[in-house]
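For reference, the chains in residue letters:
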Amino acid sequence: MNDPEGAPAFETVDLARSYKLEGVSVDALRGVSLRIDRGEFVAIIGPSGSGKSTLMHLLGCLDRPTSGTLRVNGVDVATLDDTGLAELRNQAVGFVFQSFHLLGRTSALENVALPLVYRGVGKAERRERARRALSAVGLAHRLDHRPSQMSGGEQQRVAIARALVGDPKVVLADEPTGNLDSRNGQEVMGILADLNSARGVAVVLVTHEREVADLARRRIHVRDGLIELDTAHQDGDGRPGRDAL
Ligand SMILES: Nc1ncnc2c1ncn2[C@@H]1O[C@H](COP(=O)(O)OP(=O)(O)OP(=O)(O)O)[C@@H](O)[C@H]1O
Ligand SMILES: [Mg+2]
């Protein structure tokens, strides 16, 4: 697949998404233009219903825009059919949802190995890579547990391991700490921060929590389907503009 070296992780121009609901159109995103480079750590914040999850789903290639342009690793998603979009999603992006989305009756190891099945990786290598990803999030001792036999924090770490197993360039996390107590939330944030600093993986996360947003080098405020403020354009160097909140 075309993957120009040095292309930004994401580039959007006037990105919009409307949902049609019983003949009524809901404009969830109304024209978002942004650029997120490889290796960045970005928090997306904003009121409930402002379009954060809609934006994350578009960036993660789980959904298509109604209008506007989206390039992921330099590839314009409009040029891809559904198979191409699924391939891009599988290879470039790891996605962590608030509600984990794990298979309940399947072991942690198999949950994490699943994305590799779609890539045609052999069983032995799948298991080995899943084991390494689970070790990286501190779960080497829980490989055979099912999600129902794990704590919320452990389940969230399984979801992160699953997002990491394919070596993505970007991890998108929609309220990854939303269902966790503060200790587990801190642990999950520590894993994401390490991933960003040690492996250069770009992290884009949605959060309602100020302490979590403060850990990000850049914050994008979304309101009514538009970017209200982007700290990258505030102080120019990507460092936190702490008075921005
Ligand atoms: N599948 C859908 N069909 C119709 N409307 C939708 C759909 N998904 C989201 N919306 C609407 O689009 C708007 C943006 O929703 P979105 O889920 O992006 O908000 P959010 O910022 O993630 O909110 P929250 O913080 O509550 O998760 C909301 O008004 C929502 O009701
Ligand atoms: Mg949401």
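Look up a bit, the structure's there.
Keep in mind that what you see is a predicted model, and the values were worked out from it rather than measured.

> What should I look at first to understand the layout of surface pockets in this one?
Take a probe with the size of a water molecule and roll it over the atoms, and the empty space left behind shows itself. Each pocket or cavity is described by its volume, and for the largest pocket that value is around 640 Å³. Lining the largest pocket we find 22 residues, and of these Arg 89, Asn 90, Pro 115, Tyr 118 and Arg 162 sit closest to its centre. Of all the elements, helix H2 (residues 82-92) adds the most residues to the lining of the largest pocket, at five residues. The class makeup of the residues in the lining of the largest pocket is 11 nonpolar, seven polar and four charged.

> Can you help me understand the site of ligand 1 in this one?
Tyr 19, Val 26, Ala 28, Pro 47, Ser 48, Gly 49, Ser 50, Gly 51, Lys 52, Ser 53, Thr 54 and His 208 make up every residue found near ligand 1. Take His 208: an N or O atom from its side chain is 3.4 Å from an oxygen atom of ligand 1. Coverage of ligand 1 by the protein amounts to 63% of the 630 Å² it exposes when considered alone. Breaking the shell around ligand 1 down by element, the ones donating at least two residues are strand S2 (24-36) and helix H1 (52-59). The element best represented in the shell around ligand 1 is H1, accounting for three residues. Here the residues of the shell around ligand 1 are counted per class, giving four nonpolar, seven polar and one charged.

> Help me understand the pairing of strand S1 (residues 10-21) in this model?
Regular strands place side chains that alternate from one sheet face to the opposite one. By the bridge criterion, 10 bridges tie S1 to S2 in an arrangement that is antiparallel. Paired with Ala 16 across the strands is Arg 30, a residue of S2. Hairpin geometry of S1 and S2 is characterised by an intervening segment of two residues between the two adjacent antiparallel strands and by a positive phi of about 45° at Glu 22. As paired strands, S1 and strand S4 (residues 67-72) are joined by five bridges and run antiparallel to one another. Across the sheet, the residue bridging to Thr 12 is Leu 70, located in S4.

> What am I meant to see in the sheet that holds strand S5 (residues 75-76) here?
Across a sheet, paired strands are connected by hydrogen bonds in the backbone, their directions being either parallel or antiparallel. Across the sheet, four strands lie side by side as S2-S1-S4-S5; this open sheet has antiparallel pairing. Because the sheet does not close on itself, it has two edges, and the strands there are S2 and S5. Packed onto the sheet, H1 meets S1, S2 and S4 and runs at close to 120° relative to S1.

> What is the right way to read the sheet that holds strand S3 (residues 41-45) from this model?
Strand order in the open sheet made by the six strands is S6-S7-S8-S3-S9-S10, with mixed pairing throughout. Two strands in the sheet have a free side with no partner beyond their single neighbour: strand S6 (93-96) and strand S10 (226-230). Direction aside, neighbouring strands of the sheet carry axes that sit 20° apart on average. Pairing geometry for S6 and strand S7 (residues 170-174), over four bridges, is parallel. Paired with Phe 95 across the bridge in S7 is Leu 172. In the packing of helix H5 (residues 152-164) onto the sheet, contacts are made with S6 and S7, and the angle to S6 comes to roughly 170°. Relative to strand S8 (residues 202-206), helix H6 (residues 182-199) is tilted by about 150°, and along the sheet it contacts S3, S7 and S8.

> Honestly, the packing of aromatic side chains in this entry has me stumped. Any pointers?
Centre distance and the angle of the planes are the two values used to describe a pair of aromatic rings. The tally for this structure, following the rule as stated, stands at one aromatic pair. Aromatic pair Phe 95 and Phe 97: ring centres 4.5 Å apart, planes at 25°, arrangement stacked. We note that Phe 95, like Phe 97, is buried.

> Before we go on, may I ask you to explain H2 in this structure?
Where H2 is concerned, the buried positions are Gly 84, Leu 85, Leu 88 and Ala 92. In a view along the axis of H2, the buried residues occupy a sector of 100°, so they form one face of it. Facing away from the buried side of H2, by more than 90 degrees, are the exposed residues Asp 82 and Thr 83. Buried residues along H2 sit against S4, S6 and S7.

The rules behind these values
- Residues numbered from 1 in each chain as written.
- Chains lettered and ligands numbered in written order.
- Predicted model: local features only at pLDDT ≥ 70, side-chain atom pairs only at ≥ 80, totals over all residues.
- Heavy atoms only, no water.
- 1 Å grid on protein atoms, 1.4 Å probe; cavity = no way out; pocket = protein on both sides within 12 Å on 5 of 7 lines; lining within 4 Å.
- Points joined across faces, edges and corners; volume = space filled by probe spheres on them.
- Helix = DSSP H or I, 4+ residues; strand = E, 2+ residues; numbered from the N terminus.
- Nonpolar A, V, L, I, M, F, W, Y, C, P; charged D, E, K, R; others polar.
- Near = heavy atom within 4 Å.
- Polar contact = N/O pair within 3.5 Å; in protein donor to acceptor, adjacent residues only side chain to side chain.
- Areas by Shrake-Rupley, 256 points an atom, 1.4 Å probe, with all protein chains shown as cover.
- Pairing = 2+ DSSP bridges.
- Contact = heavy atoms within 4.5 Å.
- Axes fitted to C-alpha atoms, helices over the stretch in contact; angles between N-to-C directions.
- Phe/Tyr/Trp six-rings, centres within 6.5 Å; stacked < 30°, edge-to-face > 60°.
- Buried < 20%, exposed > 50% of the residue type's maximum accessible area, 1.4 Å probe, protein only.
- Arc of directions from axis to C-beta.

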